[in-house]
Amino acid sequence: MKRARLFLPLVIFLTIIAFGYAGFELNDPHQLPSALLNKPFPEFSAPLLAEPARVVDRQSLLGTPVLVNVWATWCPTCKAEHDELMRIRRETDLRIVGINYKDQRAKALRWLADYGNPYDFVLQDLDGGLGVELGVYGAPESFLLDAQGLIVYKRVGDINPRVWRDELLPQLETLEVGVGSLSADLR
Amino acid sequence: MTLRLLLICAVAVLLLSFGPPARAAAQVDIYQFPDSQTELRYRGLIDEFRCPKCLNTNLAGSDAPIARDLRRTVHRLVVTEGFTDDQVRDFLQERYGDFVLYSPPFKPGTWILWLAPLGFVLCGAIILLRTVRHQGAVPLNESEQRRIAAIVGTADTGAHTEDGDVNVEDGAVNVEDGAVTVEDGAVTGKDAGPQMELDR
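What counts and how
Residues numbered from 1 in each chain as written. Chains lettered and ligands numbered in written order. Predicted model: local features only at pLDDT ≥ 70, side-chain atom pairs only at ≥ 80, totals over all residues. Heavy atoms only, no water. Helix = DSSP H or I, 4+ residues; strand = E, 2+ residues; numbered from the N terminus. Buried < 20%, exposed > 50% of the residue type's maximum accessible area, 1.4 Å probe, protein only. Contact = heavy atoms within 4.5 Å. Core = buried A, V, L, I, M, F, W, Y, C linked by side-chain atoms within 4.5 Å. Salt bridge = Lys/Arg side-chain N within 4 Å of Asp/Glu carboxyl O. Pairing = 2+ DSSP bridges. Axes fitted to C-alpha atoms, helices over the stretch in contact; angles between N-to-C directions.

Quick look at the environment of G138 of chain A now. The residue G138 of chain A is located in the loop between helix 5 (129-133) and strand 6 (141-145) in this model. Taking the relative accessible area as the measure of exposure, G138 of chain A reaches 12% and is therefore buried. Separated by 68 residues in sequence, G138 of chain A and V70 of chain A have C-alpha atoms that sit 8.6 Å apart. Excluding residues within four positions of it along the chain, G138 of chain A makes contact with Y101 of chain A together with K53 of chain B.

Rendered as structure tokens:
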């Protein structure tokens, strides 16, 4: 009994080590769980990037599932995910709507002309007000909405082939969005 | 003596842990307020929320663009829209989650956060109590043995002092926790009272 007690400090030490090691495996602490998950996309009204005189609201996102992608030209990761968005646009039936977040209109238009435009349309959020409504705290961020405008999935960070395969594709199957044979093969 | 020091340290740590946290303030926005009361409320609120981008800075102390946006939002809610403090809290929590609140609500996901400190204090108290209780039995040194012998009168009374117990045939002397209790006053020492305490 007495002898077993001598090992107590070692046991405590190993427990601390185990917790610390598990900490390495945890998610990036910068990735907050979204408070908006499984809630309806908030009401908003925002001008179109291509045509700022025209203002659209939440109604424009309803009808079919849609991927709402928050991006900006000042955001390097947005450039990194752009190719993947283009591919999704080319190969699947998923509708993509952009939110140009705290950006300059001329630069944003230039970007779309240079790199291609994967978006159905792009909303303009000059001062980040729409971003605050969405709980956005950086770019890129993406929300997947079902046809009724419910947020079924949120991604903080870029959409890349791994995220597409492991996270988006299963969601799209549930939503019954055609993903084409090419994208399905990625599995 | 060391025990008392230990206790003082424990109390000091406890008191310190209840003090207000140190907070930075580095924001430079210029906003208009209708009165100082509203400005105080605004300052209190931006002090209270955590910037979503920067793991441990509040809105007031952060230079991150998102913190600036949220300060502007709080200003709008408080000054233009006339929100109460609780409404502002709900507004931010609905959009950014519990993360923005420095004191998260008590719920299934957070109970360990709230109860763990209490658990640590309890563990400490149990260890402290056990340590104190085990400190009782300390063998007498030579001079103490001599004093005992003097008190009980004769040197060959069959005193067993190794384990701190002194047994005298007529009239028992029990040494426990540093106290010498003499029963029946059957002690022949010169100036020994019926009861005395050993000074250690």
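Judged by nonpolar contacts, the single largest core of 75 residues is most densely connected at L61 and L123 of chain A together with L92 of chain B. Per element, the largest residue contribution to this core is six residues, and it comes from helix 3 (residues 65-80) of chain B. Setting aside its immediate chain neighbours within four residues, L61 of chain A contacts F41, F44, V66, V68, R95, V97, F121 and L145 of chain A.

Here the focus is unusual backbone geometry. Residues and elements named next belong to chain A. Looking along the chain, the bond that leaves A139 and enters P140 is cis, with omega of 0 degrees. In this model, K102 sits at a positive phi of 50 degrees, which is unusual for a non-glycine residue. On the secondary structure map, K102 appears in the loop between strand 4 (95-101) and helix 4 (105-115). The phi dihedral of E176 falls on the positive side, at around 60 degrees, and the residue is not glycine. By the element assignment, E176 lies in the loop between helix 6 (161-175) and helix 7 (180-185). With relative accessibility at 72%, the residue E176 sits in the exposed group.

Counted by the stated rule, this structure contains 22 salt bridges over all chains. The salt bridge involving E141 of chain A is made with K154 of chain A; its shortest N-O contact spans 3.0 Å. Of this pair, E141 of chain A sits in strand 6 while K154 of chain A sits in strand 7 (residues 151-156), placing them 13 residues apart in sequence. One exposure class covers both E141 of chain A and K154 of chain A, and it is buried. Between D85 of chain B and R41 of chain B there is a salt bridge, with the nearest N and O atoms lying 2.8 Å from each other. Here D85 of chain B is found in helix 4 (residues 85-96), whereas its partner R41 of chain B is found in helix 2 (residues 36-48), with 44 residues between them in sequence. Salt bridges here are not isolated pairs; linked through shared partners, they connect R162, R165, D166 and E167 of chain A.

All names here are of chain A. One open sheet accounts for five strands, arranged 5-4-3-6-7; its pairing is mixed. Of all the strands in the sheet, the pair left with one neighbour each is strand 5 (122-125) and strand 7. The sheet shows a mean angle of 15 degrees between the axes of neighbouring strands, taken without regard to direction. As paired strands, strand 4 and strand 5 are joined by four bridges and run parallel to one another. Paired with N100 across the two strands is Q124, which belongs to strand 5. Each of strand 3 (66-71) and strand 4 touches helix 3 (residues 76-91); the most contacted strand, strand 3, lies at about 160 degrees to it.

With respect to the helices and strands, H75 of chain B occurs in helix 3. Sequence-distant contacts of H75 of chain B, defined by excluding residues within four places in its chain, comprise Y31, Q32, F33, Y42 and T80 of chain B.

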